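An overview of the molecular structure
This is what each chain is made of:
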Amino acid sequence: MQCTAPDSAPVVSSSLRKGNRDLLLRILVPFLVLATLVLAWHIGVTVSGVPPYILPSPLAVATALFTDWHTLAPALWVTTKITLLSLLLALIGGVGFAIFLVQSRWVEIAFYPIAVILQVTPIVAISPLILIYAPSTQVALLICAFLVAFFPILSNMVQGLKSVDHNLLNLFDLYGASRWQTLLYLKLPASLPYFMTGLRIGGGLALIAAVVAEFAAGSAGAGSGLAFRLLEAQYRMNIPRLFAALILLSLLGVMIFALTSFISWLSLHRWHESSLKREN
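Residues numbered from 1 in each chain as written. Predicted model: local features only at pLDDT ≥ 70, side-chain atom pairs only at ≥ 80, totals over all residues. Heavy atoms only, no water.

What counts is decided by this rule: UniProt positions are given in the numbering used here, feature names are shortened, and annotations may be inferred rather than shown by experiment.
In the annotation of an unreviewed UniProt entry, the chain is listed under the name ABC transporter ATP-binding protein and assigned to Pararhizobium antarcticum. Its UniProt record, at the heading Sequence similarities (unreviewed entry), says of the chain: "Belongs to the binding-protein-dependent transport system permease family." Here is the UniProt Subcellular location (unreviewed entry) comment for the chain, exactly as written: "Cell membrane".

**Here we look at the UniProt feature "transmembrane region" (unreviewed entry) in the chain**
Worth spelling out the cut-off: Here a strand is any run of E in DSSP of at least two residues, a helix any run of H or I of at least four, and the numbering for each starts at the N terminus.
Feature annotation in UniProt assigns "transmembrane region" (unreviewed entry) to the following positions: residues 23–43, 82–102, 109–133, 139–158, 201–222 and 242–268. With 92% helix and 0% strand, residues 109–133 has its two end C-alpha atoms placed 29 Å apart. Its end C-alpha atoms 39 Å apart, residues 242–268 is made of 100% helix and 0% strand.

**Overview of helix H4 (residues 105–120)**
Keep this limit in mind: Here a helix's expected span is defined as the number of its residues, less one, multiplied by 1.5 Å. Bend is the name given here to the angle between axes fitted to two runs of seven residues, the run ending at a residue and the run starting at it.
Along its 16 residues, H4 runs 22 Å from first to last C-alpha, staying within 8% of the 22 Å computed at 1.5 Å per residue. For H4, the principal kink sits at Phe111 and spans about 30°; a proline, Pro113, occurs within the next four residues.

**Some thoughts on a nonpolar patch on the surface**
Basically, it comes down to this: Only residues whose relative accessible area exceeds 30% and that form no salt bridge enter a patch; like-charged residues are grouped when within 9 Å of one another, and nonpolar side chains (Val, Leu, Ile, Met, Phe, Trp, Tyr) when within 5 Å. Every accessible area reported is derived by Shrake-Rupley at a probe size of 1.4 Å, with residue values counting cover from the shown protein chains alone. Here a salt bridge means any side-chain nitrogen of Lys or Arg lying within 4 Å of a carboxyl oxygen belonging to Asp or Glu. Any residue under 20% of the maximum accessible area for its type is buried, any over 50% is exposed, and the rest in between are partly exposed; the area is computed with a 1.4 Å probe on protein chains only.
A surface patch of nonpolar side chains, amounting to about 490 Å² of accessible area, comprises Leu259, Phe262, Ile263, Trp265 and Leu266. Looking at the element boundaries, Phe262 is found in helix H11 (residues 239–268). For Phe262, a relative accessible area of 46% corresponds to the partly exposed category.

**A look at the packing of aromatic side chains**
Going by this rule: Here a pair means two rings of Phe, Tyr or Trp (six-membered ring of Trp) with centres within 6.5 Å. Their orientation is stacked below 30 degrees between planes, edge-to-face above 60, and tilted elsewhere. Criterion for a charge above a ring: Lys NZ or Arg CZ within 6 Å of the ring centre, and within 35 degrees of the ring normal.
Within the structure shown, the criterion is met by seven aromatic pairs. When the ring of Trp41 is compared with that of Phe243, the centres are 5.8 Å apart and the planes differ by 35°; the resulting orientation is tilted. Of this pair, Trp41 sits in helix H1 (residues 9–48) while Phe243 sits in helix H11, placing them 202 residues apart in sequence. The interplanar angle of 65° and the centroid separation of 5.4 Å between the aromatic rings of Phe100 and Phe111 together place this pair among those described as edge-to-face. One end of the pair, Phe100, is in helix H3 (residues 69–101); the other, Phe111, is in helix H4, with 11 residues separating them in the sequence. For Phe100, a relative accessible area of 39% gives the class partly exposed. Among the aromatic residues, those joined into a ring-pair cluster are Phe97, Phe100, Phe111, Phe146 and Phe150. One residue, Arg105, lies across the ring of Trp106, its end atom 5.6 Å from the ring centre.

**A few points about unusual backbone geometry**
Positioned with a positive phi, Met237 is a non-glycine residue whose angle comes to about 55°. Structurally, Met237 is set in the loop between helix H10 (226–235) and H11.

**With respect to the side chain of Thr79**
Our working definition: Should any heavy atoms of two residues lie within 4.5 Å, those residues are considered in contact.
Mapping Thr79 onto the fold places it in helix H3. Setting aside residues no more than four positions away along its own chain, Thr79 makes contact with Leu207, Glu214, Gly225, Leu226, Leu249 and Leu252.

**A look at the nonpolar core**
In a soluble, globular protein the nonpolar side chains are often hidden away together inside. The condition is simple: For our purposes a nonpolar core is just a set of buried Ala, Val, Leu, Ile, Met, Phe, Trp, Tyr and Cys residues, chained together by side-chain atoms within 4.5 Å.
In this structure, Leu154 and Leu161 are the most contacted members of the largest nonpolar core, which totals 22 residues. Every element with two or more residues in this core is listed here: H3, helix H6 (137–161) and helix H9 (192–217). Considering each element in turn, this core owes the most residues, eight residues, to H6. With residues up to four places along the chain from it excluded, the contact list for Leu161 reads Ala98, Ile99, Val102, Leu183, Lys187, Leu188 and Ser191. In this structure, Leu207, Ala227, Ala233 and Leu249 belong to the second largest nonpolar core, which totals 17 residues.

Spelled out as structure tokens, the structure:
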């Protein structure tokens, strides 16, 4: 009597349909909520008759976004460039400094408080000094954004490097692995979830710091970012353009969060519990 394995094709097909349905809901539900809020905004402005210089309608904001795109687009690029470059420098500096700190307990005791001091000091308080000593305003904005994004990456990376399973550390010692082999093949992979958490936090903070630093700097001209365009629109009482700049800043923040979340999922979805798809 010959036994045949049950056909798994229907199970796979059902799983794929369920996954596609979940993905569609993840996209559709937030879009419907956002569309409902925009519709409520439009109805509220229309019914109440609020003047555009107090609260513009969504149509007025969309019109300003289209007509002022030649002004807002270069500012958006400046803010994006400063944010991403500062995040990249924070990643390199945070990971490098974390590796340096965990090499010795005395090294961590000596140098970690310096990073804490930089973190707890408000960036608005030290930005005037940075503006004085930096060679240009763009460099000053980059330094401010770097300082804010640096500590979350550093602290998460240090915590990850120190959270390695002691049994695995003993196993590496048993097989005679060097310090750098243990770091490369055990500590760095084990700290990856912590690093990805710091990456997501640092991405948002880098954008916030870039905007706040530009507010403090008051930079103007061709090299100004969206923060200056916000101030300019406020001074000129061009509220639709102000809302348009705010929307661009929000979209930039969402894109940075989506990018860092995708990188995190790409790195962890095959093995880490936080990203594995569960059956229940």
